[in-house]
Amino acid sequence: MSRNLRIVLVHPHHESDASQRACALHAGLLEAGYELVASLPADIHLPERIAQLQPDMIIVDAESDARDVLEHIVIATRDERRPIVMFTEDDKTSSMEAALEAGVSAYIVAGLKPERIKPVLNVALARFRKEEKLLLELADTKHKLAERKVVDRAKGLLMSRHGMTEEQAYQRLRTMAMNKKLKLADIAQRILDVEDLLG
Amino acid sequence: MQIEKQTVRIGFNPLTDCASVVMASVLGFDERHGIRIVLSKETSWAGVRDKLVTGELDAAQALYGMVYGTQLGIGSQCHDMAVLMNLNRNGQAITLSKRLMEAGAVDGPSLAALMRDERRQYVFAQTFPTGTHAMWLYYWLAAQGIDPLHGARAITVPPAQMVYNLAEGHMDGFCAGEPWGHRAVMDGIGVTVATSQQIWPDHPEKVLGASAAFVDAHPNTCRALIAAVLEAGRWIDASAENRRAMAEIIAGQAYVNTDKAAILPRILGRYDDGMGRQWQDSHPMCFHQDGAANYPYLSDGTWFMTQFRRWGLLKAHPDYERTARAVTRLQLYREAAEVAGVAVPAQSTRSSTLIDGRVWDGADPEHYATSFPIRLR
């Protein structure tokens, strides 16, 4: 039913978090069986391409600077096709609002029934959430990795300076961290800072 | 007096005229009035509008016309909006490509002659369909006898992409806020053929906009906000030294994110058109003018509605006076001006003579809107 909607996705013309999110959204819509007529870069040719493609729905990152370009298209074509901005629809379901909060913005031809729009935005929402989770996990992993490196370097220092075994060095760090109520990585960093300072 | 909301989220776009909103926060004028401004750098005007409507932003630096466009439902559903104050006057510019200049277009009349003699599609960019830059561009082209909608192609391009697209030959000219006009001159890409103050000396430009619902629920917060921004504008306009300091700060990455050199000359009134002419401008961008620049004249707001009607953005005349009175929060402004010790003009309309010799004084907007020989019929 909703599958034959003509959807255009606008992606940033430079590398950014937003372009990653656009890629994820692209994949999500394809997986869900939606026909994407194009994924267009947000450049000067956008209005012409959209005029040629005549999509039913244009999906764009809410933080894209192409929003104003689309705004112009919306107003310039309002007599023929009357596209409207998503959140001006009367139908304010929680899923649409959630999609908008997640950073999805859609320009849609007026008269397109909300029940046809909803599933598309649900897919978009799910994709944004998944992508966001992945990005958070990635950041978390990077952080943990960095912390481990610091701890390892501090251990190495204790081992070479004080002739400790690795296990002893680790226990020393742990005791210091507990006594000072600091995280292991923080106490390790302090040891490295002091070493830097005193050379 | 209870401040309903102490922390206010204020949106701005990276342009020179975000200065008073930024400085109100940086210099702590907000705290003096019992509020804390949290600045939010935005990427589009459509985004600013939507965030004002959804409440994600409490207020924002906004294009004058956009507030009225939203009030009247142009491009979006109607939503009751509010103009709290005018942020600045002047300081926008129309830039033509170096290529066009070399072909002989060095001012309005020579551009019109070139477009008559060498027929092709000429493309001019502005920043938002109902925005001030669209209105300055259309007004200026029409004053040269060029129909902006049929004799040329008007497109919307984000300000930061203007110089690039001009250099690439994707367009022939643009109208945008500073620092982009001066940037094009600095980079040798374009020339300034008209400043916005040539089109309308001391024209209104950006406003402090909000949704009507926010203003109605938070009058004391809004009063404090207006007072804080008034003080910031007064500080900026107080001396060239202050303007220099302001340029230093807003050039930073968190704000306009550009060279100070792109901002500074024109806010000091030092113009270079890129064609060998330098001058000290008598109407550079200003943020206060003893309060004259900040007073939200009803006739200023009405003017944008007359131009929307002129260019077919409105299919029928709106109720000009009622709309302007509903949107413009004159009473709130007066009270805030009193708190900040800023003079308020006696009249809520003013008279201006624009580039084509026409006088706009706020009277008979219906007649004014339909009196232009070049308009959408």
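Residues numbered from 1 in each chain as written. Chains lettered and ligands numbered in written order. Predicted model: local features only at pLDDT ≥ 70, side-chain atom pairs only at ≥ 80, totals over all residues.

1. A few points about the overall build of chain B
For step 1, the next point in the chain: In terms of helices and strands, chain B carries 18 helices and 14 strands.
For step 2, the next point in the chain: Across its three principal directions, the C-alpha atoms of chain B cover 65 × 45 × 35 Å.
For step 3, the next point in the chain: Scored against the burial criterion, the 377 residues of chain B give a buried share of 59%.
For step 4, the next point in the chain: Expressed as a percentage of contacts within chain B between residues at least 6 apart in sequence, the contacts between residues at least 24 apart total 79%. (Helix = DSSP H or I, 4+ residues; strand = E, 2+ residues; numbered from the N terminus. Buried ≥ 20, exposed ≤ 12 C-beta atoms within 10 Å, placed from the backbone. Contact = placed C-beta atoms within 7 Å.)

2. Observations concerning the overall build of chain A
For step 1, the next point in the chain: The helix and strand tally for chain A stands at seven helices and five strands.
For step 2, the next point in the chain: Overall, chain A shows an N-to-C arrangement of helices and strands of β-α-β-α-β-α-β-α-β-α-α-α.
For step 3, the next point in the chain: Sorting the 199 residues of chain A into buried and exposed places 33% on the buried side.

3. Some points on the environment of Tyr68 of chain B
Residue and element names in this part refer to chain B.
For step 1, the next point in the chain: Within the secondary structure layout, Tyr68 lies in helix 4 (residues 64-71).
For step 2, the next point in the chain: Among the residues examined, Tyr68 registers 28 C-beta atoms within 10 Å and is labelled buried.
For step 3, the next point in the chain: Those residues within four positions of Tyr68 in sequence are excluded, and the remaining contacts are Gly301, Phe304, Met305 and Val327.

4. A short note on the nonpolar core
General note: in soluble globular proteins, nonpolar side chains tend to be found buried as a group.
For step 1, the next point in the chain: Judged by nonpolar contacts, the single largest core of 152 residues is most densely connected at Leu84, Leu225, Ile226 and Val229 of chain B.
For step 2, the next point in the chain: The leading source of residues in this core is helix 12 (residues 219-238) of chain B, at eleven residues.
For step 3, the next point in the chain: Those residues in contact with Leu84 of chain B that sit more than four places away from it in its chain are Ala59, Leu208, Ala210, Cys222, Leu225, Ile226, Arg329, Leu332 and Tyr333 of chain B.
For step 4, the next point in the chain: Among the nonpolar cores identified, the runner-up in size contains seven residues, and Val151, Ala169, Ile187 and Ile191 of chain A belong to it. (Core = buried A, V, L, I, M, F, W, Y, C linked by C-beta atoms within 7 Å.)

5. Quick notes on the sheet that holds strand 1 (residues 7-12) of chain B
Residues and elements named next belong to chain B.
For step 1, the next point in the chain: The mixed open sheet is built from five strands, whose spatial order is 2-1-3-10-4. Where the open sheet ends on each side, the last strands, each with one partner, are strand 2 (36-41) and strand 4 (81-86). Averaged over all neighbouring strand pairs, the angle between strand axes comes to 35 degrees, with direction disregarded.
For step 2, the next point in the chain: Bridging between strand 1 and strand 2 involves six bridges; their strand directions are parallel. (Pairing = 2+ DSSP bridges. Axes fitted to C-alpha atoms, helices over the stretch in contact; angles between N-to-C directions.)

6. A few points about the confidence of the model for chain A
Residues and elements named next belong to chain A.
For step 1, the next point in the chain: Per-residue confidence for chain A gives a mean pLDDT of 77; residues scoring 70 or more make up 74%.
For step 2, the next point in the chain: For chain A, per-element mean pLDDT is lowest for strand 4 (residues 83-85), which scores 37, and highest for helix 6 (residues 166-180), which scores 93.
For step 3, the next point in the chain: Taken as a whole, residues 80-93 scores under 50 in pLDDT and shows 26 contacts with residues more than four places along the chain or in a different chain. (pLDDT = per-residue confidence, 0-100.)

7. Quick word on the sheet that holds strand 9 (residues 190-195) of chain B
All names here are of chain B.
For step 1, the next point in the chain: Strand order across the open sheet formed by five strands is 7-6-8-5-9, with mixed pairing between neighbours. Two strands close off the open sheet at either side, each with one partner strand: strand 7 (153-156) and strand 9. Pairwise comparison of adjacent strand axes, ignoring direction, gives a mean angle of 25 degrees for this sheet.
For step 2, the next point in the chain: Sheet analysis places strand 5 (residues 92-97) next to strand 8 (residues 173-177), joined by five bridges and oriented antiparallel. Directly across from Thr95, in strand 8, lies its bridge partner Phe174.

8. What to know about the environment of Ala167 of chain B
Residue and element names in this part refer to chain B.
For step 1, the next point in the chain: As for its placement among the helices and strands, Ala167 is situated in helix 8 (residues 162-167).
For step 2, the next point in the chain: The exposure class of Ala167 is partly exposed, given the 16 C-beta atoms found within 10 Å.
For step 3, the next point in the chain: Residues Ala167 and Asp187, 20 residues apart in the sequence, show an inter-C-alpha distance of 9.4 Å.

9. Some words on unusual backbone geometry
All names here are of chain B.
For step 1, the next point in the chain: Going from Glu178 to Pro179, the amide bond is cis rather than trans, its omega being 15 degrees.
For step 2, the next point in the chain: Its location among the elements puts Pro179 in the loop between strand 8 and helix 9 (180-186).
For step 3, the next point in the chain: Notably, Asn257 is not glycine yet its phi reads approximately 60 degrees, a positive angle.
For step 4, the next point in the chain: Mapping Asn257 onto the fold places it in the loop between helix 13 (240-250) and helix 14 (260-267).

10. Observations regarding the pairing of strand 3 (residues 59-63) of chain B
All names here are of chain B.
For step 1, the next point in the chain: Burial analysis of strand 3 places five of its five residues in the buried class, the great majority of the element.
For step 2, the next point in the chain: The pairing of strand 3 with strand 10 (residues 206-211) spans four bridges and is classified as antiparallel. Bridged to Ala60 within strand 10 is Gly209.

11. A closer look at the interface of chain B and chain A
For step 1, the next point in the chain: Listed per partner, the contact involves 20 residues of chain B and 16 residues of chain A.
For step 2, the next point in the chain: At the level of secondary structure, the elements contributing two or more residues to the side of chain B that touches chain A comprise helix 3 (45-54) and strand 7 of chain B.

12. A word on helix 7 (residues 132-143) of chain B
Residue and element names in this part refer to chain B.
For step 1, the next point in the chain: An ideal rise of 1.5 Å per residue puts 16 Å on twelve residues; helix 7 measures up with 16 Å between its terminal C-alpha atoms.
For step 2, the next point in the chain: The element helix 7 is largely enclosed, with a buried count of eleven among its twelve residues.
For step 3, the next point in the chain: Looking only at helix 7, the buried set comprises Thr132, His133, Ala134, Met135, Trp136, Leu137, Tyr138, Tyr139, Trp140, Leu141 and Ala142.
For step 4, the next point in the chain: With its phi angle positive at about 85 degrees, Gly145 sits one or two positions after the end of helix 7. (Expected span 1.5 Å × (residues − 1).)

13. Thoughts on the environment of Thr258 of chain B
Residue and element names in this part refer to chain B.
For step 1, the next point in the chain: Structurally, Thr258 can be placed in the loop between helix 13 and helix 14.
For step 2, the next point in the chain: We classify Thr258 as buried; it has 20 C-beta atoms within 10 Å.
For step 3, the next point in the chain: Taking the C-alpha atoms as reference points, Thr258 and Val191, separated by 67 residues in sequence, lie 19 Å from one another.
For step 4, the next point in the chain: Setting aside chain neighbours within four positions, we find Thr258 in contact with Pro179, Ala251 and Ile263.

14. Brief notes about the packing of helix 1 (residues 19-26) of chain B against helix 12 of chain B
All names here are of chain B.
For step 1, the next point in the chain: Interhelical geometry of helix 1 versus helix 12 gives an angle of 105 degrees and a closest axis separation of 8 Å. The angle between helix 1 and helix 12 falls in the class roughly perpendicular. Judged by residue contacts, Ala19, Ser20, Val21, Met23 and Ala24 of helix 1 engage Ala228, Val229, Ala232, Gly233, Trp235 and Ile236 from helix 12.
For step 2, the next point in the chain: The residue makeup of the contact of helix 1 with helix 12, split by class, is nine nonpolar, two polar and no charged. (Parallel < 35°, antiparallel > 145°, perpendicular 65-115°, else oblique. Nonpolar A, V, L, I, M, F, W, Y, C, P; charged D, E, K, R; others polar.)

15. Brief notes about the confidence of the model for chain B
Any region with low pLDDT has predicted coordinates that should not be read closely.
For step 1, the next point in the chain: Of all residues in chain B, 100% attain a pLDDT of 70 or more, and the chain-wide mean is 96.
For step 2, the next point in the chain: Our summary of model confidence lists the complex with pTM equal to 0.84 and ipTM equal to 0.88.

16. With respect to the packing of helix 3 (residues 67-76) of chain A against helix 3 of chain B
For step 1, the next point in the chain: Contact pair helix 3 of chain A / helix 3 of chain B: the axes reach a minimum separation of 7 Å and the direction vectors enclose 85 degrees. Here helix 3 of chain B runs roughly perpendicular to helix 3 of chain A, going by the angle between their axes. On helix 3 of chain B, the residues touching Arg67, Asp68 and Glu71 of chain A of helix 3 of chain A are Trp45, Ala46 and Gly47 of chain B.

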